[in-house]
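A closer look at the structure
The residues making up each chain are set out below.
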Amino acid sequence: MKLSVAIITFNEDRIIEKNLNAIHDLADEVIIVDSFSKDCTEEICSRFPKVKFIQQKFLGFGKQKNFAIEQCNSEWILFLDSDEIPDEELKNSIQKIISEPQPEFNVYDAEFNNIFLGETLKYGGWGNIKRERLFRKGYGKYSEDIVHEVFITTEPKGKLKGKINHYTYKDIYHHIEKSNKYTSMMAEKMYKNGKKSNIFKILFKPMFQFFKSYFLRLGFLDGLVGYYAAATAAFYTFLKYKKLHEIHKFK
């Protein structure tokens, strides 16, 4: 096998079929590690013969991703979130690399189109994002952070041609739901790392986050959706510092 595609899931029936349709022909196997979804995720995945569907209690994003990597049998791994769809140019780029007898790099970055409420964001910190997504097995792993994990490698990185279309949220309600979940995990992570919160941080860090996203990073050029993205980034900042303050208060 040349290429394993690895994905972790939980209640992803809104997008997982589109994801699997996009990568099924590219992959030799698809490893899905699911945190006991309650929707139709498993049923959808069962329709694809290359999918190996594994259920495991959620360990945090970093540990869950590393577990998925361990299940991969191929030399190369493409790691995707369930809402990330590679375009044709990126898939062709991957196919070319894994077909070469000696590719130049063992780890490759991919650029993203972050699609937020139907609009592709180019500013506000959402544009020009790249992350490690294609790598040889054994040449990197994820940090074991519960959330906002990072890919750890000592390898120089190449760059894939094409982009991954990241369909972030289906609607505002979905965004609020995920923000609430992620800020709880982020507050716990900050607490474990010895971070503290106070009234000053709760009040002023969200204000600075909005200013940075909307003005310094030119989020206003993305129109109304740019304003919403900056406002919700500020609200995310408020929630994580408020929740961190609550953790210190009651522990």
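Note that the coordinates shown come from a computational prediction; the quantities given were computed from them, not determined experimentally. (Residues numbered from 1 in each chain as written. Predicted model: local features only at pLDDT ≥ 70, side-chain atom pairs only at ≥ 80, totals over all residues. Heavy atoms only, no water.)

Let us look at the overall build of the protein. When its secondary structure is counted, the protein shows seven helices and eleven strands. Radius of gyration (C-alpha) of the protein: 19 Å, near the 18 Å computed for a compact globule of 251 residues. For the protein, the C-alpha atoms occupy an extent of roughly 55 × 40 × 35 Å along the three principal directions. When each of the 251 residues of the protein is scored for burial, the buried share is 50%. Taking the intrachain contacts of the protein between residues at least 6 apart in sequence as the baseline, contacts between residues at least 24 apart amount to 75%. Here the protein has roughly 13,200 Å² of accessible surface; of this, 53% comes from carbon and sulfur atoms. For the protein, the distance from the average position of its 39 positive side-chain charges to the average position of its 33 negative side-chain charges is 8 Å. (Helix = DSSP H or I, 4+ residues; strand = E, 2+ residues; numbered from the N terminus. Rg over C-alpha atoms; globule rule 2.2 N^0.38 Å. Buried < 20%, exposed > 50% of the residue type's maximum accessible area, 1.4 Å probe, protein only. Contact = heavy atoms within 4.5 Å. Areas by Shrake-Rupley, 256 points an atom, 1.4 Å probe, with all protein chains shown as cover. Lys, Arg positive; Asp, Glu negative; His and termini not counted. Charge placed at Lys NZ, Arg CZ, Asp CG, Glu CD.)

Moving on, we get to the pattern of salt bridges. Under the defined criterion, the tally for this structure stands at 13 salt bridges. Across the pair E17 and R47 runs a salt bridge, and its minimum N-O distance is 3.7 Å. Note that E17 is positioned in helix α1 (residues 16–23) and R47 in the loop between α2 (41–45) and β3 (51–55), a separation of 30 residues in sequence. A relative accessible area of 35% places E17 in the partly exposed class. (Salt bridge = Lys/Arg side-chain N within 4 Å of Asp/Glu carboxyl O.)

So, about the side chain of E12. One can find E12 in the loop between β1 (3–9) and α1. Setting aside chain neighbours within four positions, we find E12 in contact with D39, T41 and S82.

Those residues carrying the UniProt feature "transmembrane region" (unreviewed entry) are residues 214–239 in this numbering. Helix makes up 77% of residues 214–239 and strand 0%, with an end-to-end C-alpha separation of 19 Å. (UniProt positions renumbered as here; feature names shortened; annotations may be inferred.)

Secondary-structure assignment places Q71 in helix α3 (residues 61–71). According to the relative accessible area criterion, Q71 is buried, its value standing at 19%.

Let us look at a nonpolar patch on the surface. Residues Y123, F208, F211, F215, L216, L218, F220 and L221 make up a contiguous nonpolar surface patch of roughly 740 Å² in combined accessible area. With respect to the element layout, F215 can be found in helix α6 (residues 199–216). (Patch = residues over 30% accessible without salt bridge, like charges linked within 9 Å, V, L, I, M, F, W, Y side chains within 5 Å.)

What follows is about the UniProt feature "domain: Glycosyltransferase 2-like" (unreviewed entry) in the protein. UniProt's entry tags residues 4–119 with the feature "domain: Glycosyltransferase 2-like" (unreviewed entry), counted in the numbering of this structure. Its end C-alpha atoms 30 Å apart, residues 4–119 is made of 31% helix and 30% strand.

With that settled, the discussion passes to helix α4 (residues 88–99). Three or four residues apart is the spacing at which side chains of an α-helix point the same way, because the helix has 3.6 residues per turn. Taking 1.5 Å of rise per residue, the twelve residues of α4 would be expected to cover 16 Å, and the 16 Å separating its terminal C-alpha atoms lies within 8% of that figure. Those residues of α4 that fall on the buried side of the exposure criterion are L90, K91, S93, I94, I97 and I98. Angular distribution of buried residues about the axis of α4 spans 160 degrees; they occupy a single face of the element. For α4, the exposed residues set more than 90 degrees away from the buried face come down to E88, N92 and K96. Sitting at the amino-terminal end of α4 is D87, which places a side-chain oxygen 3.3 Å from the backbone nitrogen of E89. (Expected span 1.5 Å × (residues − 1). Arc of directions from axis to C-beta. Polar contact = N/O pair within 3.5 Å; in protein donor to acceptor, adjacent residues only side chain to side chain.)

Here we come to the pairing of strand β2 (residues 29–34). In the case of a regular strand, side chains alternate between the two sheet surfaces. Burial analysis of β2 places six of its six residues in the buried class, the great majority of the element. Burial of the side chains of β2 extends over both faces: E29, I31 and V33 are buried on one face and V30, I32 and D34 on the other. Where β1 meets β2, six bridges bridge the pair, whose relative direction is parallel. Its bridge partner being in β2, S4 is matched across the sheet by E29. Chirality of the crossover, the property in question, places the unit of β1, α1 and β2 among those that are right-handed. Looking at chain direction, β2 and β3 are connected through five bridges and run parallel. (Pairing = 2+ DSSP bridges. Right-handed = clockwise from strand over helix to strand, strands pointing away.)

Counting buried positions along strand β6 (residues 107–116) yields eight of ten residues, so the element is predominantly enclosed. Strand direction decides the pairing type here: β6 and strand β8 (residues 130–136), joined by five bridges, are antiparallel. Across the sheet, Y108 pairs through a bridge with L134, a residue of β8. Sheet topology note: the β6/strand β11 (residues 157–167) ladder contains eight bridges and is parallel. Bridging across to β11, E111 finds its partner in K163. Here β6 pairs with strand β7 (residues 119–121) via three bridges, running antiparallel. By the bridge assignment, N114 is partnered in β7 with L121. A loop of two residues connects β6 with β7, the two strands running antiparallel in sequence, and L117 in this loop sits at a positive phi of about 55 degrees.

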